[in-house]
Amino acid sequence: MIDRDGYRPNVGIILTNAEDQVFWARRCRCDGWQFPQGGIQRKESAEEALFRELYEEVGLESGQVEICGRTRGWLRYDLPHAYQRPSGPRRFRGQKQVWFLLRFTGSEADVRLDLSASPEFDAWRWVEYWSPIDAIVAFKRKVYESALTELAPLLKR
């Protein structure tokens, strides 16, 4: 699904622990780290996509997290041309994302990166809340900063 402006709808997931650190995951077969994220499928709500992606990428179910909040609207980023793939009749520019802030209520042993036939991530760790802004690839930086800033007031600490 690509909208008329060339953006694919997507959810971003900021998973926090009791110390307000965030879940930071390394993409398979590369050295890039990021928050879990994924596309919203046809006839799927953003919240349904959130829980599907959370399970597929991290192995967590809805009962192992609490939703603290979400961004008010879409946050967009354009993919550099080198990362774009042909997308049919509409030009694919990038992603538009609704970001969710979640509180992890499970055990770290519940995290499973290997549930999918083709896992997204091969490692993970907890990092300080603001550190992903400096660590994410440049083309996603503004979206990460916007999402973290908007959702920061919802942290429990």
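Note that this is a predicted model, so its numbers are computed, not measured.

1. Overview of the overall build of the protein
Here is step 1: When helices and strands are counted, the protein shows 3 helices and 8 strands.
Here is step 2: For the protein, the α and β elements follow one another from N to C terminus as β-β-β-β-α-β-β-β-β-α-α.
Here is step 3: A compact globule built from 157 residues would reach a C-alpha radius of gyration of about 15 Å, and the protein, at 15 Å, matches this within 12%.
Here is step 4: When the backbone C-alpha atoms are referred to their principal axes, the protein occupies close to 45 × 35 × 35 Å.
Here is step 5: For the protein, the proportion of its 157 residues judged to be buried stands at 48%.
Here is step 6: Considering only intrachain contacts with a sequence separation of at least 6, the fraction spanning at least 24 residues in the protein is 73%.
Here is step 7: Surface summary for the protein: the accessible area is close to 8500 Å², and the carbon and sulfur share equals 46%.
Here is step 8: Of note, the protein has its 24 positive side-chain charges centred 8 Å away from the centre of its 23 negative side-chain charges.

2. What about the pattern of salt bridges?
Here is step 1: All told, the structure shown has 10 salt bridges when counted by the stated rule.
Here is step 2: A salt bridge links Asp-122 to Arg-26, with the nearest nitrogen and oxygen atoms 2.7 Å apart. Of this pair, Asp-122 sits in strand E8 (residues 121–127) while Arg-26 sits in strand E2 (residues 22–27), placing them 96 residues apart in sequence.
Here is step 3: The partner of Arg-93 in a salt bridge is Asp-78, with the nearest N and O atoms 3.2 Å apart. On the criterion of sequence distance, the pair formed by Arg-93 in the loop between strand E6 (75–78) and strand E7 (94–104) and Asp-78 in strand E6 is long-range, its members being 15 residues apart.
Here is step 4: Classification of Arg-93 by relative accessible area gives partly exposed; the value is 27%.

3. Regarding helix H1 (residues 46–58)
Here is step 1: Here H1 spans 17 Å end to end across 13 residues, near enough to the 18 Å set by a 1.5 Å rise per residue.
Here is step 2: Among all positions in H1, only Ala-46, Ala-49, Leu-50, Arg-52, Glu-53, Leu-54, Glu-57 and Val-58 are buried.
Here is step 3: In the core, the buried residues of H1 are packed alongside strand E1 (7–16), E2, strand E4 (37–39), strand E5 (65–70), E7 and E8.

Reading the values: rules and limits
- Residues numbered from 1 in each chain as written.
- Predicted model: local features only at pLDDT ≥ 70, side-chain atom pairs only at ≥ 80, totals over all residues.
- Heavy atoms only, no water.
- Helix = DSSP H or I, 4+ residues; strand = E, 2+ residues; numbered from the N terminus.
- Rg over C-alpha atoms; globule rule 2.2 N^0.38 Å.
- Buried < 20%, exposed > 50% of the residue type's maximum accessible area, 1.4 Å probe, protein only.
- Contact = heavy atoms within 4.5 Å.
- Areas by Shrake-Rupley, 256 points an atom, 1.4 Å probe, with all protein chains shown as cover.
- Lys, Arg positive; Asp, Glu negative; His and termini not counted.
- Charge placed at Lys NZ, Arg CZ, Asp CG, Glu CD.
- Salt bridge = Lys/Arg side-chain N within 4 Å of Asp/Glu carboxyl O.
- Expected span 1.5 Å × (residues − 1).

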